[in-house]
Amino acid sequence: MPEQSTTIHSAPGSRTVSGFLPHLPLPGTIPDNHVAIADMADAFGVTHRTLHFYEEKGLLAADRMGPMRVYGLEDIRRMAIINACREIDMPIAEIQDLMRALTACQSQGDAVQIFESALNARKRELAAQQSILRRQMQRVSELLELAADGDGGEHAAVTPIHLSPIEAKCLAFMAEGYPAHRIAKLMDMDLTAVLTLESDIVRKFNVNHRFQAVAKAVLMGLVSAE
């Protein structure tokens, strides 16, 4: 495939610089260019406020077409990369570094290599988090054994956890490591509603945060450890 350069915006109204971007699939319903902000938000499953935030961070730049604010093909392709990075919960600062590196690329091959390096770095971070989760699960198991030993040698009855179907579904996604914003998209819910749902689940398990809730759920056989 021949190399294809793209035009990278640094901020609304500023000059543009030439660069390359990795090719990611675009939403099937989105036009190739001149996409209104409402259509951009709908296509990528985000809010107008999110797009404004990305613009403030220098990740996107909308143009004007009469009274409308629109995005061109380059920013649509940038949004595909940004959205993919947010789906794996990559911090905004790291996305900014990634996009700056892509802006400086001299070839399509360089862009692909930089993107792959960023994904591998994130994969290592997630693996580290998974290791922490396993240790927390082991600690929960140890604490449960200590609690049982302290009850005169008789195993204390485990209070059953009653979850609604929507809580059980949310817990399953939590166990798979999905962040709240990704769960909101998967469950077609508002982010605030998902955060409230997670808070209720954590409270029901009588723990301090989502990782402990998942660890306890695994030990109780409510979700799989795989």
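Predicted, not measured: the structure shown is a model, and the values here were computed from it.

Bringing helix α9 (residues 210-219) into the picture now. When α9 is considered as a whole, its buried residues turn out to be Arg210, Ala213, Val214, Ala215, Ala217 and Val218. Following α9 by one or two positions, Gly221 has its phi on the positive side, about 80°.

The contact between helix α3 (residues 73-87) and helix α4 (residues 92-103) brings their axes to 10 Å, and the two run at 145°. Crossing geometry of α3 relative to α4 is assigned as right-handed. Seen from α3, the contacting residues are Arg78, Ile81, Ile82, Cys85 and Arg86; seen from α4, they are Ile92, Ile95, Leu98, Met99, Leu102 and Thr103. When the residues that make up the contact of α3 with α4 are grouped by side-chain class, the tally is 8 nonpolar, 1 polar and 2 charged.

As a further point, take the environment of Ala118. Examined against the element boundaries, Ala118 turns out to sit in helix α5 (residues 108-149). Taking the relative accessible area as the measure of exposure, Ala118 reaches 18% and is therefore buried. Filtering out sequence-adjacent residues up to four positions away, Ala118 remains in contact with Met90 and Leu98.

A few words on the pattern of salt bridges. One pass over the full model with this rule turns up 8 salt bridges. Where Glu55 meets Arg69, a salt bridge forms, and the shortest distance between an N and an O atom there is 2.5 Å. Here Glu55 is found in helix α2 (residues 48-56), whereas its partner Arg69 is found in strand β5 (residues 68-71), with 14 residues between them in sequence. Across the pair Glu167 and Lys204 runs a salt bridge, and its minimum N-O distance is 2.7 Å. Taken as a pair, Glu167 in helix α6 (residues 165-175) and Lys204 in helix α8 (residues 191-204) lie far apart in primary sequence, 37 residues in all.

Definitions and limits used
- Residues numbered from 1 in each chain as written.
- Predicted model: local features only at pLDDT ≥ 70, side-chain atom pairs only at ≥ 80, totals over all residues.
- Heavy atoms only, no water.
- Buried < 20%, exposed > 50% of the residue type's maximum accessible area, 1.4 Å probe, protein only.
- Helix = DSSP H or I, 4+ residues; strand = E, 2+ residues; numbered from the N terminus.
- Axes fitted to C-alpha atoms, helices over the stretch in contact; angles between N-to-C directions.
- Left-handed = near helix turned anticlockwise from the far one by under 90°.
- Contact = heavy atoms within 4.5 Å.
- Nonpolar A, V, L, I, M, F, W, Y, C, P; charged D, E, K, R; others polar.
- Salt bridge = Lys/Arg side-chain N within 4 Å of Asp/Glu carboxyl O.

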